[in-house]
Amino acid sequence: MSKNDNKGTAVITGASSGIGAVYADRLAGQGYDLVLVARRADRLQELAEKLRHAYSRKVSVIAADLSDDDDVRRVEKAISADESVTLLVNNAGLGGQAVVATADADAAERMIKVNVVALTRLTRAVLPGLLARNRGGIVNIASVLAFDTSFGGIYSGTKAYVVNFTEALHREVAGTGVTAQAVLPGATRTDFWELSGSDIDQLPKEIIMTADDMVDAALVGLARGEAVTVPALADTGKLDTFLGARQAFYGSLHADKPAARYAA
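For the structure given in this document, a descriptive report is provided here. Since we're looking at a predicted model, the values are computed, not measured.

Conventions and cut-offs
Residues numbered from 1 in each chain as written. Predicted model: local features only at pLDDT ≥ 70, side-chain atom pairs only at ≥ 80, totals over all residues. Heavy atoms only, no water. Axes fitted to C-alpha atoms, helices over the stretch in contact; angles between N-to-C directions. Helix = DSSP H or I, 4+ residues; strand = E, 2+ residues; numbered from the N terminus. Parallel < 35°, antiparallel > 145°, perpendicular 65-115°, else oblique. Left-handed = near helix turned anticlockwise from the far one by under 90°. Contact = heavy atoms within 4.5 Å. Patch = residues over 30% accessible without salt bridge, like charges linked within 9 Å, V, L, I, M, F, W, Y side chains within 5 Å. Areas by Shrake-Rupley, 256 points an atom, 1.4 Å probe, with all protein chains shown as cover. Salt bridge = Lys/Arg side-chain N within 4 Å of Asp/Glu carboxyl O. Expected span 1.5 Å × (residues − 1). Polar contact = N/O pair within 3.5 Å; in protein donor to acceptor, adjacent residues only side chain to side chain. Buried < 20%, exposed > 50% of the residue type's maximum accessible area, 1.4 Å probe, protein only. Phe/Tyr/Trp six-rings, centres within 6.5 Å; stacked < 30°, edge-to-face > 60°. Pairing = 2+ DSSP bridges. Core = buried A, V, L, I, M, F, W, Y, C linked by side-chain atoms within 4.5 Å. Right-handed = clockwise from strand over helix to strand, strands pointing away.

Overview of the packing of helix H1 (residues 18–30) against helix H2 (residues 41–55)
1) Next: H2 packs onto H1 with a crossing angle of 25° between their chain directions and a minimal axis gap of 10 Å. Comparing the axis directions of H1 and H2 gives the class roughly parallel. Two packed elements cross with a definite hand, and for H1 against H2 that hand is right-handed. Together, Ala21, Ala24, Asp25, Ala28 and Gly29 of H1 and Leu47, Leu51 and Tyr55 of H2 make up the contact between the two elements.

And the structure:
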């Protein structure tokens, strides 16, 4: 499809930089109009103007802090009423390598609000319209740390929620014209690391991916209808094995009596 073909409107959160800005560029190039959501209004406006000029697409912006309840509801209202919306990219996220005992409680709450609550509410805001129009998709940016708690249980926990939520959503919309995809980036070079108080350059260079490469791979996965896309994973059989083992494990968790090892 050429960039002049209109594919509807893509809503992208966390769009002012990094992964979100790359999604905005790529989707405008694919023929989407855009609604860009982020806290930094000046950077949003700058990106919007650049994309309008480059792709001749309609690009609007909503400056909003997705840790703020009123701002989330303002975004919900705007996107749920927009019948042109065909794609939601829930990219906005907060990070932080903190253990529970020393974590700032307010910072942890903000992380949960952005990574979990806002993502859920915005998904709920657009999903009925997508289903009614039988067209579109929802992309939720998770993390490979959904499967590893070494970065801290709070961040990892929020991303595990995103994976489970999106897998269930993928099953919910099966058989319709709507898709749902969880994207699990590994270490990706963006300002996310600096903002979360970490130094990405402490990691081996061979495991650091550019945001451009990450998004390009994720979009291929979306086009293929993948429920879970891991851009760095070379052997997709490993993902199938992992998910299959998890399902088999779940099947062994039910019985009418406690296991014998718990007998008094």
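Observations regarding a nonpolar patch on the surface
1) Next: Taken together, Phe249, Tyr250 and Leu253 make up a surface patch of nonpolar side chains, about 350 Å² in accessible area.
2) Next: Relative to the helices and strands, Leu253 resides in the segment after helix H8 (236–251).

Things to note about helix H3 (residues 69–80)
1) Next: Taking 1.5 Å per residue, 12 residues should reach 16 Å; H3 reaches 16 Å between its end C-alpha atoms and fits that length.
2) Next: Tucked into the core, H3 has its buried residues touching strand S1 (9–13), strand S2 (33–38), strand S3 (59–63), strand S4 (85–90) and helix H4 (105–133).
3) Next: Its side-chain oxygen at 3.1 Å from the backbone nitrogen of Asp70, Asp68 defines the N-terminal cap of H3.

Points about the pattern of salt bridges
1) Next: Under the criterion given, the structure shown has 10 salt bridges.
2) Next: The partner of Asp25 in a salt bridge is Arg26, and the shortest N-O contact between them spans 3.0 Å.
3) Next: Taking relative accessible area as the criterion, Arg26 reaches 21% and is therefore assigned partly exposed.
4) Next: Here Asp33 makes a salt bridge to Arg57, at a shortest N to O gap of 3.2 Å.

Observations regarding the packing of aromatic side chains
1) Next: According to the stated counting rule, one finds 2 aromatic pairs in the structure shown.
2) Next: Here Phe147 and Phe242 contribute two aromatic rings whose centre-to-centre distance is 4.8 Å and whose plane-to-plane angle is 55°, an arrangement assigned as tilted. Residue Phe147 is located in the loop between strand S5 (136–141) and helix H5 (153–172), and its partner Phe242 is located in helix H8; the two are separated by 95 residues in the primary sequence.
3) Next: Residue Phe147 is classed as partly exposed on the basis of its relative accessible area, which comes to 41%.
4) Next: Each ring, one from Tyr161 and one from Phe165, has its centre 5.5 Å from the other, and the planes form 15°; the classification is stacked. Residue Tyr161 and its partner Phe165 are located together in helix H5, separated by 4 residues, close to a single helical turn.

Regarding H8
Spacing of three or four residues puts side chains on the same side of an α-helix, whose turn is 3.6 residues.
1) Next: Compared with an ideal rise of 1.5 Å per residue, which puts 16 residues at 22 Å, H8 spans 23 Å between its outermost C-alpha atoms and is within 8% of the ideal.
2) Next: The N-cap residue of H8 is Asp235: its side-chain oxygen and the backbone nitrogen of Gly237 are 2.9 Å apart.

As for the sheet that holds S5
Pairing between sheet strands relies on hydrogen bonds along the backbone, with the strands arranged either parallel or antiparallel.
1) Next: Spatially, 7 strands are ordered S3-S2-S1-S4-S5-S6-S9 in an open sheet, and the strand pairing comes out parallel. Across the chains shown, the open sheet's two edge strands, defined by having one partner strand only, are S3 and strand S9 (228–229).
2) Next: Bridging between S2 and S3 involves 5 bridges; their strand directions are parallel. Across the sheet, Val35 pairs through a bridge with Ser60, a residue of S3.
3) Next: Of the strands in this sheet, S1, S4, S5 and strand S6 (178–183) touch H4, which is tilted by about 160° from S4.
4) Next: Each of S4, S5, S6 and S9 touches helix H7 (residues 211–223); the most contacted strand, S6, lies at about 145° to it.

Regarding the nonpolar core
1) Next: Ile12, Tyr23, Leu27, Leu34 and Leu36 are the most contacted members of the largest nonpolar core, which totals 31 residues.
2) Next: Only S1, H1, S2, H2, S4, S5 and H7 provide two or more residues apiece to this core.
3) Next: Ranked by residues supplied to this core, first place goes to H1 with 7 residues.
4) Next: Here Leu34 is in contact with Thr9, Ala10, Ile12, Ala24, Leu27, Ala28, Leu51, Lys58, Val59 and Ser60, once residues within four sequence places are set aside.
5) Next: Within the second largest apolar cluster, 24 residues are counted, among which are Leu88, Val126, Leu169 and Ala180.

Digging into the pairing of S6
When a strand is regular, its side chains alternate between the sheet's two faces.
1) Next: Counting buried positions along S6 gives 5 out of 6 residues, so the element sits mostly inside the fold.
2) Next: Pairing geometry for S5 and S6, over 6 bridges, is parallel. Paired with Ile141 across the strands is Val183, a residue of S6.
3) Next: Of the crossover connections in this fold, the one passing from S5 over H5 to the parallel S6 is right-handed.
4) Next: In this sheet, S9 lies alongside S6 in parallel orientation, the contact comprising 2 bridges. The residue bridging Val183 from the neighbouring strand is Thr229, located in S9.

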